[in-house]
Amino acid sequence: MESKAGPSCRLVFCLLISAAVLRPGLGWYTVNSAYGDTIIMPCLLEVPQNLMFGKWKYEKPDGSPVFIAFRSSTKKSVQYDDVPEYKDRLSLSENYTLSISNARISDEKRFVCMLVTEDNVFEAPTIVKVFKQPSKPEIVSKAPFLETEQLKKLGDCISKDSYPDGNITWYRSGKVLQPLEGVVVLIFKKQMDPVTQLYTMTSSLEYKATKTDIQMPFTCSVTYYGPSGQKTLQSEQAIFDIYYPTEQVTIQVLPSKNAIKEGDNITLTCLGNGNPPPEEFLFYLPGQPEGIRSSNTYTLTDVRRNATGDYKCSLIDKKSMIASTAITVHYLDLSLNPSGEVTKQIGDALPVSCTISASRNATVVWMKDNIRLRSRPSFSSLHYQDAGNYVCETALQEVEGLKKRESLTLIVEGKPQIKMTKKTDPSGLSKTIICHVEGFPKPAIQWTITGSGSVINQAKESPYINGRYYSKIIISPEENVTLTCTAENQLERTVNSLNVSANENREKVNDQAKLIVGIVVGLLLAALVAGVVYWLYMKKSKTASKHVNKDLGNLEENKKLEENNHKTEA
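Analysis parameters
- Residues numbered from 1 in each chain as written.
- Predicted model: local features only at pLDDT ≥ 70, side-chain atom pairs only at ≥ 80, totals over all residues.
- Heavy atoms only, no water.
- Pairing = 2+ DSSP bridges.
- Helix = DSSP H or I, 4+ residues; strand = E, 2+ residues; numbered from the N terminus.
- Axes fitted to C-alpha atoms, helices over the stretch in contact; angles between N-to-C directions.
- Contact = heavy atoms within 4.5 Å.
- Polar contact = N/O pair within 3.5 Å; in protein donor to acceptor, adjacent residues only side chain to side chain.
- Buried < 20%, exposed > 50% of the residue type's maximum accessible area, 1.4 Å probe, protein only.
- Phe/Tyr/Trp six-rings, centres within 6.5 Å; stacked < 30°, edge-to-face > 60°.
- Disulfide = S-S within 2.5 Å.
- Core = buried A, V, L, I, M, F, W, Y, C linked by side-chain atoms within 4.5 Å.
- Patch = residues over 30% accessible without salt bridge, like charges linked within 9 Å, V, L, I, M, F, W, Y side chains within 5 Å.
- Areas by Shrake-Rupley, 256 points an atom, 1.4 Å probe, with all protein chains shown as cover.
- Salt bridge = Lys/Arg side-chain N within 4 Å of Asp/Glu carboxyl O.

(A) Seen up close, the sheet that holds strand β25 (residues 297-300). Read across the open sheet, the 3 strands follow the order β21-β22-β25; overall the sheet is antiparallel. The open sheet is flanked by β21 (249-254) and β25, the only strands paired with a single partner. Averaged over neighbouring strand pairs, the angle between their axes works out to 20° when direction is ignored. The pairing of strand β22 (residues 266-272) with β25 spans 4 bridges and is classified as antiparallel. Bridge pairing links T267 to T299 in β25.

Below, the structure written as structure tokens:
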């Protein structure tokens, strides 16, 4: 430039250097920019009329200037100095506003706009501030669990790539955690990447947990500065498993204590209220002073009534922490006397007893042939209707499935007993003879007839109910007969007879029939005689009319003749 401009150019250069030294006290203008954005710095000077050119520079930490852009007022041309960090990043407008693209942390400098005339140099400094929002804070290196009454590292809260550096705060259920000796210990550190000049902040939290921290959320936040001021980013919640020792032991029984019966399996479960819960316990059975080491469950199989008693469990390392429960093994015994199949004779007495032995009051139900009885059966004198299948059933209502039943099949036997009755039909033409039979096993009935007569129909039998039934026949005897009814079963053969007289109404009916036949025959003969008489009369009447003119006769004789004719007709 010296060869082209001559002495005048050297004078301008001297003025520029002098201005940089002599005018440091002018007011500063600050431009805030986000990392990666374009920095826009207006030249805060009025453009003089005799302006020769404008120029931008920045100052190094030692105060020496570095020129980066030049614009002539006459040639309207722009020249950018060979500064590697700003290559292809600068833009100088006609109003001398300087733009720097892709803002970096290294752009945080003091820039100066210079307007130069022939006799003066005007300067306007601008301070550039660059801000970088950090990453969302994250809780890392989290403890798998926390223990009560122990100071333990909970985790690290980390936030990366911040400029300038920020601050980290911890929260428990939304409330700020302040350092407290032996309870809350915070260790903060920050690290700058030498290449990007961005900060990474880390805060470690050591914490002594209590049972109140169960399900409590822990979070952290980073507070940083941006172009528009202070801002905060929150982390996601972290919930920690809190370990605490067992303070109480409980024992559980399955199935329910009220429902345990003989033959069941009992499972004892011992639980401690610590976290994590104890995995092993000592179980104490009734009458056994020494505990049985087991997991948190212990099973007894096919228990009997002698297993009733107190059951206990305790911690292995702390036997004084113990729990107990009383268990009753319910039982139910039933004895039916007599039972099974019993055969008795009619009229016999039969005492029946159903004895119950149970762990508590039991209900008793009697059934006969699947029909519930109102009371216990009692047989002082057996009847055929007493026969049947009897069941005595008992149950403990509170214990599901605890039922017992025994049965008695009663058979009442008896020799055949016969009673015969007769009934005459209202017409008098027939008689019904009935043979009533009682006995068990069922007797077979057979009829026999002595004398003449006819059986109008075959014998009909009624249903066999409660050891009784009957057979009947209908007869119309022509003479006195004897009917015999025979009933026979495995015990005996019984015979009974009934005399039946001839049917008198039948004889009267026969006489009446004969009378009617005689009357009919007589009427027929009378009609025949009347016909013959009438024929003779007519013949005599014709002969008399021929001789009337010859012989009038006596009038009295004629009248007698007519009277005789009438008598003859009669």
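(B) Up close: the environment of S159. Assignment of secondary structure puts S159 in strand β12 (residues 151-162). For the pair S159 and S203, spaced 44 residues apart in the sequence, the C-alpha separation amounts to 9.1 Å. Beyond its immediate sequence surroundings of up to four residues, S159 is in contact with P134, S135, P137, Y199, T200, M201 and V222. Side-chain polar atoms of S159 contact the backbone oxygen of S135, separated by 2.8 Å.

(C) Summary view of the side chain of R110. Note that R110 resides in strand β8 (residues 110-116). Judged by relative accessible area, R110 falls into the buried class, the value being 14%.

(D) Spotlight on the sheet that holds strand β24 (residues 292-294). An order of β24-β23-β26-β27 is seen for the 4 strands of this open sheet, with the pairing classed as antiparallel. Lying at the two open borders of the sheet, with one neighbouring strand each, are β24 and β27 (322-327). Strand-to-strand twist in this sheet, taken as the mean axis angle between neighbours without regard to direction, amounts to 25°. By the bridge criterion, 4 bridges tie strand β23 (residues 281-284) to strand β26 (residues 309-315) in an arrangement that is antiparallel. Bridging from a neighbouring strand, F281 pairs with L315 of β26.

(E) Fine view of the packing of aromatic side chains. In this structure the tally under the stated criterion is 11 aromatic pairs. Plain terms: the ring middles of Y163 and Y199 are 6.1 Å apart, the flat faces sit at 20° to each other, and that makes the pair stacked. Of this pair, Y163 sits in the loop between β12 and β13 (167-172) while Y199 is found in strand β16 (residues 199-208), placing the two residues 36 residues apart along the sequence. Per residue, the accessibility class of Y163 equals that of Y199, and both read buried.

(F) Just the state of the cysteines, in detail. The final tally for this structure, using the stated rule, is 5 disulfides. Each bonded cysteine of the protein gets a number by its place in the sequence, and the pairs then read 1-2, 3-4, 5-6, 7-8, 9-10.

(G) Main features of unusual backbone geometry. Of note, the bond from Y163 into P164 is cis; its omega dihedral lies within 30 degrees of zero at -10°. P338 follows N337 through a cis peptide bond whose omega is -5°. In this fold, P338 is placed in the loop between β28 (332-337) and β29 (340-345). For E149, which is not a glycine, the phi torsion comes out positive at approximately 65°. Along the chain, E149 falls in the loop between β11 (146-147) and β12.

(H) Here's a closer look at the nonpolar core. Core analysis: the biggest nonpolar cluster contains 47 residues, and M41, W56, I68, L98, F111 and Y207 have the highest contact counts within it. With 4 residues, β16 is the largest single contributor of residues to this core. Excluding residues that lie within four positions of it along the chain, M41 makes contacts with V31, W56, Y96, T97, L98, I100, F111, T126 and V128. By size, the runner-up hydrophobic cluster in this structure holds 20 residues, among which are L268, L300, V303 and C313.

(I) Seen up close, the environment of Y384. Counting through the fold element by element, Y384 comes out in the loop between β32 (371-372) and β33 (388-395). The class for Y384 is buried, based on a relative accessible area of 7%. With residues up to four places along the chain from it excluded, the contact list for Y384 reads I346, V412, E413, G414, K415, E438, G439, F440, N466 and G467.

(J) Focus on a nonpolar patch on the surface. Together, L528, V532, W535 and L536 make up a nonpolar patch on the protein surface, roughly 420 Å² of accessible area in all. Along the chain, the position of L536 falls in helix α3 (residues 504-546).

(K) How the structure looks around the pairing of β26. Most of β26 sits out of view: 5 of its 7 residues are buried. Where β26 and β27 come together, 6 bridges link them in antiparallel fashion. Within β27, the residue paired with D310 across the bridge is A326. Connecting β26 to the antiparallel partner β27 that follows it, the hairpin turn spans 6 residues.

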